[in-house]
Structure formats: structure tokens, C-alpha cells
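# Observations on the model geometry
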Amino acid sequence: MEKKEWYLEYEIHKNRPGLLGDIASLLGMLSINIITINGVENRRRGLLLQTDDDEKISALENILKKIDNITITRFRTPTILDRLAIRHGRYIERDVEHKKTFKFIRDEIGILVDFLAEIFKHEGHQVVGVRGMPRVGKTESVVAASVSANKRWTFISSTLLRQTVRNQLSDDELQSNNVYMIDGIVSTIRSNERHHDLVREIMRMPATKVIEHPDIFIRETEYELSDFDYIVELRNDPNEEITYEDVHSGFSSFELG
């Protein structure tokens, strides 16, 4: 039987000596492998487990529920957020109302790169929006995540070095393994119809698309927020407001970053 991974997280009510050792011994007796273990948030501990027997997982869960000093908070097939929580020791902030929106500040770019890399490893069609003010690190994070995920990145439009507006791509650039990067402001306000046709073609491809300034992209095109699988917000600090007041048909500071 193929081995499966499970994410176990529990909250500690009384951290008595030997508690972790007892749980590790229990896992050993059940022949469940511990891949990773780490503290998560305050009084929680996360474990990434591996086993080829679902019955062992059920037995483990039943036993853990009887331990007075802990409460199981998560026990499931690991999600992207679970893997990052156990790697970094904390959960990524997620918008309460808009579940597809995840929030980062500039000091957390390392976690953001890991988060995007996990998304980019998935095959097929997916659209990721990235919100943020100029020069906060949006494009650099996407490029770093592409490298981490072993994906080739292709700029359809960008302002990273100079304004880039592509009207066509070569055959080797039209690959589903690529990460396509689109600047929502440049593509909708600073481009021509040939570029618009290319963007539509890219959006139909079974590949990952990353759109900076998704709100402008939505405002100026036929696409909607529901077309996005993830929205990432990157700020210099938690209180920074992301605004597009200067974005219009004229020059704006967003064209510099």
C-alpha cells in the first residue's frame, strides 16, 4: 500500500516532562513515521506523519483523544498551510471573510516565497493575484518562488527593469510548465490589442498565471475575482493601505514598481 502523509497538530494544556516522548513512543509502537516536528504558534505542536495504514491513524486519533493534557486541533491530509506552519512554526494570516486571500509583510518574504513555490508546484490552470504598493517585493518574490519550484518564469508584462509588453511568444515559451507573470496595470492601460489577445491566450492555458495588481486587471477586463484561485497581499508593514488612487490613463508611480 502506498504511504500517505498526515498532519497532526495538538494544543498543550499542561506541558509535563516527557509528554512529547510519550507521543513519539506511541507513534513508534504503531509504526507511524515522524517526518517533521515543530512548535506551531503558542502552545501548539505540529507533526508531519507518514504511514501506509489508515487504521493506524484511526487508532492513534482515538488514543490521543484520551490524553488529558492535550487537545487535537488538526488531524488531516496536510494542506499547503500545514506544511508551511510546521516549516516556519506559525500559520500564514488568512483573511477572515475572503478565504482565498493571504497576507504577508515584507519581513515575511521568505515565508511568502515558500508559499508561492508550493502553489507553483501544482500542475494545470491556476491564477494567483498579488496586491502591493510599488517596490515592496512582489515581482522578486514570484521570481524566487518560480526558481524554488523549478519552474521557468515568463514576463508577459512587467516594470521590473523596464516596461515590458509582449505581443507574442516563441514556441518554447508556450509551455504549461511555465509561470506566466502579468502586470495588471501595464497589460490593461499601457498596451495594445495584440497584447490583449496574448493575455487572453495565456489565461486559457493550463498553466500558472500570476497577476500583479489584480484589482486593476479585474476592473479593466472581463475577468472577475472568482477567476482567481489565490490572492496574496504584500505590505511594508501590517498597517499599510494598498490603494490605486494614482492609477489612471496617465503616469503613475506603479509604473516604477
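Everything discussed here concerns the structure shown above.
Residues numbered from 1 in each chain as written. Predicted model: local features only at pLDDT ≥ 70, side-chain atom pairs only at ≥ 80, totals over all residues. Heavy atoms only, no water.

This brings us to the pairing of strand 3 (residues 44–51). The buried count for strand 3 comes to 6 of 8 residues, which makes it a mostly enclosed element. Inspection of the sheet shows strand 1 (residues 4–12) paired to strand 3 by 8 bridges, in the antiparallel sense. Each residue of the ladder has a partner; that of tyrosine 7, found in strand 3, is leucine 48. Note: strand 2 (residues 33–40) against strand 3, 7 bridges, orientation antiparallel. Residue pairing across strands places isoleucine 37 opposite leucine 47, the latter belonging to strand 3. (Buried < 20%, exposed > 50% of the residue type's maximum accessible area, 1.4 Å probe, protein only. Helix = DSSP H or I, 4+ residues; strand = E, 2+ residues; numbered from the N terminus. Pairing = 2+ DSSP bridges.)

A few words on helix 5 (residues 138–148). Among all positions in helix 5, only Lys138, Thr139, Ser141, Val142, Val143, Ala145 and Ser146 are buried. Buried residues in helix 5 make contact with helix 4 (109–120), strand 7 (126–131), strand 8 (152–155), strand 11 (178–183), strand 12 (208–212) and strand 13 (230–235). Once helix 5 finishes, asparagine 150 follows within two positions and takes phi at roughly 60°, a positive value. (Contact = heavy atoms within 4.5 Å.)

Attention shifts here to the sheet that holds strand 8. Strand order in the open sheet formed by 7 strands is 5-6-13-7-12-11-8, with mixed pairing between adjacent strands. One side of each edge strand has no neighbouring strand; the edge strands of this open sheet are strand 5 (93–94) and strand 8. When strand 6 (residues 101–105) meets strand 13, the two strands line up parallel, connected through 5 bridges. Considered in strand 13, the bridge of lysine 103 is made with glutamate 233. Contacting strand 6, strand 7, strand 11, strand 12 and strand 13, helix 4 crosses the sheet at an angle of about 165° to strand 13. Sheet contacts for helix 7 (residues 193–204): strand 7, strand 11 and strand 12; angle to strand 11, the most-contacted strand, approximately 140°. (Axes fitted to C-alpha atoms, helices over the stretch in contact; angles between N-to-C directions.)

Moving on, we come to the pattern of salt bridges. Per the counting criterion, the structure on display carries 20 salt bridges. In this structure, the salt-bridge partner of arginine 90 is glutamate 108, at a minimum N-O distance of 2.4 Å. Placement of arginine 90 in the loop between helix 3 (80–88) and strand 5 and of glutamate 108 in the loop between strand 6 and helix 4 is noted, with a sequence separation of 18 residues between them. Here aspartate 172 and arginine 152 are joined by a salt bridge, their closest N and O atoms 3.4 Å apart. Separated by 20 residues along the polypeptide, aspartate 172 in the loop between strand 10 (164–165) and strand 11 and arginine 152 in strand 8 bring together distant segments of the chain. Members of the salt-bridge network, linked through shared partners, are Arg87, Asp114, Glu118 and Lys121. (Salt bridge = Lys/Arg side-chain N within 4 Å of Asp/Glu carboxyl O.)

Before going further, it helps to examine the nonpolar core. Within the largest apolar cluster, 33 residues are counted, with the highest numbers of intra-cluster contacts made by Ile92, Phe104, Phe115, Leu116, Phe120, Val128 and Val232. Going through the elements one at a time, helix 3, strand 6, helix 4, strand 7, helix 5, strand 11 and strand 13 are the ones with two or more residues in this core. In this view, valine 128 contacts Leu116, Ile119, Lys209, Val210, Ile211, Phe228, Tyr230 and Val232; residues no more than four positions away in its chain are not counted. Core analysis: the second largest hydrophobic core is formed by 17 residues, Ile23, Leu26, Ile70 and Phe75 among them. (Core = buried A, V, L, I, M, F, W, Y, C linked by side-chain atoms within 4.5 Å.)

Viewed as axis vectors pointing N to C, helix 4 and helix 5 meet at an angle of 55°, and their least axial separation amounts to 8 Å. Considering their axes alone, helix 4 and helix 5 lie oblique with respect to each other. Of the two possible hands of crossing, helix 4 and helix 5 adopt the one that is right-handed. Contacts between helix 4 and helix 5 pair Ile109, Leu112, Val113, Leu116, Ala117 and Phe120 from the former with Ser141, Val142, Ala144, Ala145, Ser146 and Ser148 from the latter. (Parallel < 35°, antiparallel > 145°, perpendicular 65-115°, else oblique. Left-handed = near helix turned anticlockwise from the far one by under 90°.)

That's the geometry; what it means functionally is another story.
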